[in-house]
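The residues making up each chain are set out below.
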Amino acid sequence: MYPSRFRYEAPHSAAEAIRLLAAGGDNAKVLAGGQSLVPLMKLRFAAPELVVDINNLPGLSYHRADPDGTLRIGALCRHADLERSELLARTQPTMAAAAPLIADPIVRNRGTLVGSLCHADPQGDWASVVLSLGGSVVAQGPAGRRSIPMTDFVTGPFQNLLAPDEIAVEAVIPAAQGERRGGYLKLERRVGDFATVGVAVSLETSGEVVRRAGIALTGVGGSTIAATEAAAALTGHSLTTESISAAAEAAAEAARPRTDHRGSAEYKRHMVATFVERILTRCTAEPAERAA
Amino acid sequence: MSQAVDEIKIGGLGASRKRVEDSRFIRGKGNYTDDIVLPGMLHMEILRSPLAHARIKSIDASKAWDIPGVHLVLTGEMMASRNLAWMPTLSYDTQAVLATDKVRFQGQEVACVIADDPYIAKDACEAIVVDYEPLPVIVNPAQAVADGAPVIRDDKETQPDNVIYDWEVGDRDGTDRAFASADLVSKLELHYPRSHPSPIECCGSIADFNRATSKLTVYMTTQAPHIIRAAVAMVAELPEHMIRIISPDIGGGFGNKVPVYPGYVCSILASILLERPVKWIEDKSGNLISTGFARDVYLKGEMALRRDGKILAVRMHTDADHGAFFSDAQPSKFKIGLMHSAFAAYDVPVAHLTARGTYSNKAPGGVAYRCSFRVTEAMFFQERMVQAAAADLGMDQAEFRRMNFVPDDAFPHRTPFGFLTDSGQYAKCLEVGLKAIDYENFRAQQAEARSRGRLLGLGISTMTEPLGAGNSREYDILGIKMFDSAELKVHMTGKAIVRTGARGQGQGHETTWAQIVAHELGIPADDIVVEEGDTDTAPFGMGTYASRSTPVAGAAVAMVARKIRAKARQLAAHLLEVSEEDIEWALGRFYVRSAPDRGVTIQECAVAAYANMPDGMEPGLDATAYYDPPNLTWPFAVYIVTVEVDPDTGVWDVLNMVAVDDCGVRINPMIVEGQIMGGLTEAYAMSNMQFITFDADGNCVGSNYMDYLLPTAWETPGFELHSEVVTPCPHHPIGAKGIGECAAVGGPAAFVNAVMDAISGTGVRNVDMPLLPDRVWEAITYRRDVSGAPPVRSDD
Ligand SMILES: Cc1cc2nc3c(=O)[nH]c(=O)nc-3n(C[C@H](O)[C@H](O)[C@H](O)COP(=O)(O)OP(=O)(O)OC[C@H]3O[C@@H](n4cnc5c(N)ncnc54)[C@H](O)[C@@H]3O)c2cc1C
């Protein structure tokens, strides 16, 4: 790999990292897992003058639930940590379904969920998952911390709302109102491939009634898409064949796919509907069956 | 004492001996081109064209020259002043080394920078300013021959259009007559998409010209070092004895490392100019977008049939897209390679094939990716056509093949296109395969599943591949005939070294050549070292590709061992004080016929060759053999796959796959199985995901491993291998036929036939590879064929 010349810093505190970033301005880049930044530097699509490696920052590898059920994922928590997490397997069906579908085992050992959100690749899987769960990102800068809802965080393909001197320190998933159901389905051409189509569905139910629904789509638009009308079709009702197909149709309607070497726009739209339907149908099953 | 040595124990023929080369490979101790560091070595990077077709208005390299650490910037103009801007191709065309007038494909070599390190060289490439004037782009044969198409090769005065050749073979009139008398004519049209052999190690070279000795040493990733030496002598006008080509360990070739690439030529020139070693190591994208691709052929054809299922005749036409230069790396005199080996396993009375080749604004250099040239396309078309014909007749797939196979007692068999096949048990292989897949039972299961809306399918494919790229009458490269060679030196202690003119790239030559010698001489395989790839030490040979190593170089190894045995017999007679006629051979030992207890081992003969030879005998125990095979070898195989297709998504999964390979005698059964598994994996890849395509502007889609998909262990299905059918090759010294490519050649049609069988209820005749889910879904949903190279389509 022969990137352009760059300066490399690996500070040991967030404050120091922020100071370096502030000095570097637009020409500085945070390095977390490096699984998106390094390939781009290798191809010289990215040529930062300064790389600030945050892997030495203490206490960011966690993912944990607060007593009220709020889930917090630190900036150095790897995909692999989430894939193997018992906490997620018990409490977060959408995230537990998505984690093993990201990239391949080697990439999962290094890549981070927060880095994936920051990278804002329209084909990145975590952004859809976090969007469907109504999550947010906590940013830390010279002036302290602020919370940015996922709905605002991504501003376009490969663009986010962070200022050049801000680090995303954690992602937050709010506590559920009731029982969580949901899933993530992804059409990939091969293990390690980005999604041709990915669909995240997250429900919070009490009894049979859906209290809150989130549906988000990967790879079928210039950014991750929140299929809000599809989610609205479910909220306040129980899951029926009718509500499921209404949501599937609305989600397909929300998709903005393009025809390319991964498939026709029509096919991708069809796959959105198929996946929404499959996940929701599975959500109607008894918990034991769903887990199977 | 009268006992022969145990052949399996000494690692002879039939021993599944562990690969000796692996002990260094799995320890990371291989020695690849990029591992080699020479004192004072400089580094070369190539600037490539971002556009597929454009006139070069100017190249300004002044900023690159200014960068500290830059030693040389080569452009087309500088190459032209040395008569090196163009080089001859292996198919008697010319290819640009560095572009002068136009760029003709995306990724074409435009300039080279030689610098202290690769970072500086890359920076300097970025500092070169090239002013391009874009030209209209051609990405397929239809566009190439359309009215008003821009002429890509306007550098050639004799080239008024984009057609490279129109060629035919077979009996046109006879075929016409047979079609006129047919009860039924079955037709098929398809595209075999462009793919890339994509070895994990990319191409590269280190050229080291020494002014003091006038000797040029080139370490390089080549499957054919002696051919390169001849080509360098011709292109660079250097005397051949002053050129040494060393091909160190090679990280996969698959045909990609047969051609001569501009990077090699530039590194050599740079070393001559700078009098320092110059290393060029291609990156992955450079390899995928500019070096030898494979396939990219549109095939159409028809089969004349009698009502009872007998094939009467076949007609084929192929349109091959060769890219910007006709630089196919193939040794036959046939323009479309061995495409006309199609239908060799079937008793087809008469056939005719026409072939047209065209230029396009795509990378040049068609190579035989894990096959004899074009045989993969031929077998794919054959087996897809056979499936279509059986379906049109309403006949069972297996039964139609069985009744049309060349029967076991009909060999030697002259194929309708003129090849001579020598042996085979085709029907028996099919029976083994059908039994293994439980054919009747599966058909019942399939019918039952279909009644519940589930789509199961079964696909059969057979293949017979002409291997060896040899016999000097019909095959040559640049006029050099396609024989091969082996040299064997037995040392005084009975240990030995074998060198051949082949060059392994993972096939296991270091293991198997020793086994052939062990079989012939009884010297334990562990006592024999194998060396290849250095033109100063190896005997002249044509390299490794087209599964030719065992058929040709492997035969030479057997022959040279027999020469040694003949001399050892004289030594034995001398030691035993009897005449040669009284001597018998049991593996590893000569003995006196009338007194079997009196004998000498081959090792004792070796000592005598140096220490106790008879008066008048030349000392030493070594020999060289050149082997010109009397014919190609023809292995045969049957591959059967079962699949389930999800009608809602178009995704398909392999349920079972069975492979029955008859490759004649197996030297090392374990290596043979490894070759079959690798080939089946590539076959699965072709059918499912692996292709290189281009958008309408000629941009390569598939320029890195995120888009050019190689299957991983995760999605590759399991394979059940069968070795019970063995038909030795009648003319090969040890009866071997070659195996490296069979599965990659014959496998793809099995997968595609299985998916087509699963969706046969839709009436769809063909979905072109790769069978990506969206294409299968489109076929099922709209009940229509899905054709062509995906995707020259886009929304805008
Ligand atoms: C072969 C391969 C396959 C892949 N397949 C998939 C896939 O299927 N699905 C998928 O979703 N992803 C995939 N990825 C991407 C992978 O998930 C990355 O890990 C992820 O996109 C980025 O996380 P990272 O920690 O590696 O970020 P990095 O590469 O370190 O950084 C990415 C970007 O985010 C910024 N950044 C990172 N962390 C922070 C932070 N804490 N604060 C501020 N900015 C930050 C960086 O400056 C950079 O611009 C794949 C990657 C590879 C190499």
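Check the entry above for the structure.
Every value quoted in this text rests on a predicted model; they were computed, and no experiment measured them.

## What to know about the interface of chain B and chain A
One frequently used descriptor of interface size is the decrease in accessible area upon assembly of the parts. Listed by partner, the interface residues are 33 residues for chain B and 26 residues for chain A. Each partner contributes to the roughly 2600 Å² buried at the junction of chain B and chain A, and carbon and sulfur atoms together form 56% of this total. Summed over the shared surface of chain B and chain A, the number is 5 salt bridges. Where chain B meets chain A, there are 12 residue pairs in polar contact (both at pLDDT 80 or more). Only helix H4 (118–126) and helix H19 (773–782) of chain B provide two or more residues apiece to the side of chain B that touches chain A. With 5 residues, H4 of chain B is the largest single contributor of residues to the side of chain B that touches chain A. Its residues assigned to classes, the side of chain B that touches chain A shows 17 nonpolar, 4 polar and 12 charged.

## Structural notes on unusual backbone geometry
Residue and element names in this part refer to chain B. The omega torsion across Phe-411 and Pro-412 is -5°, close enough to zero to call that bond cis. With respect to the helices, strands and loops of the structure, Pro-412 is situated in the loop between helix H11 (397–404) and strand S18 (413–414). Backbone geometry at Asp-296 places phi at a positive 65°, although glycine is not the residue there. Tracing the chain through its elements places Asp-296 in strand S15 (residues 294–305). Exposure remark for Asp-296: the relative accessible area of 2% places this residue in the buried category. Positive phi values are uncommon outside glycine, yet Arg-370 reaches one of about 50°.

## Structural notes on the sheet that holds strand S1 (residues 7–9) of chain A
Two modes of strand pairing occur in sheets, parallel and antiparallel, and in both the strands are linked by backbone hydrogen bonds. Residues and elements named next belong to chain A. Taken together, the 3 strands give an open sheet; going across it, the order is S1-S3-S2, and neighbouring strands pair in parallel fashion. In the strand order of this sheet, the two ends are held by S1 and strand S2 (28–31), each with one partner. Taken over all neighbouring pairs, the strand axes of this sheet differ in orientation by 25° on average, direction set aside. Strand direction decides the pairing type here: S2 and strand S3 (residues 50–53), joined by 4 bridges, are parallel. Considered in S3, the bridge of Lys-29 is made with Val-51. Its contacts with the sheet put helix H1 (residues 14–24) on S1, S2 and S3, and the angle it makes with S3 is roughly 165°.

## Quick notes on the site of the ligand
Residues and elements named next belong to chain A. Around the ligand sit 32 residues in total, of which Val-30, Leu-37, Thr-112, Asp-125 and Lys-186 are the nearest. One of the backbone N or O atoms of Ala-168 is found 2.9 Å from a nitrogen atom in the ligand. The contact in question runs from an oxygen atom of the ligand to an N or O atom on the side chain of Lys-186, over 2.7 Å. Contact with the protein chains covers 92% of the free accessible surface of the ligand, which is 960 Å².

About the thresholds
- Residues numbered from 1 in each chain as written.
- Chains lettered and ligands numbered in written order.
- Predicted model: local features only at pLDDT ≥ 70, side-chain atom pairs only at ≥ 80, totals over all residues.
- Heavy atoms only, no water.
- Contact = heavy atoms within 4.5 Å.
- Buried area = accessible area lost by both parts, 1.4 Å probe.
- Salt bridge = Lys/Arg side-chain N within 4 Å of Asp/Glu carboxyl O.
- Polar contact = N/O pair within 3.5 Å; in protein donor to acceptor, adjacent residues only side chain to side chain.
- Helix = DSSP H or I, 4+ residues; strand = E, 2+ residues; numbered from the N terminus.
- Nonpolar A, V, L, I, M, F, W, Y, C, P; charged D, E, K, R; others polar.
- Buried < 20%, exposed > 50% of the residue type's maximum accessible area, 1.4 Å probe, protein only.
- Pairing = 2+ DSSP bridges.
- Axes fitted to C-alpha atoms, helices over the stretch in contact; angles between N-to-C directions.
- Near = heavy atom within 4 Å.
- Areas by Shrake-Rupley, 256 points an atom, 1.4 Å probe, with all protein chains shown as cover.

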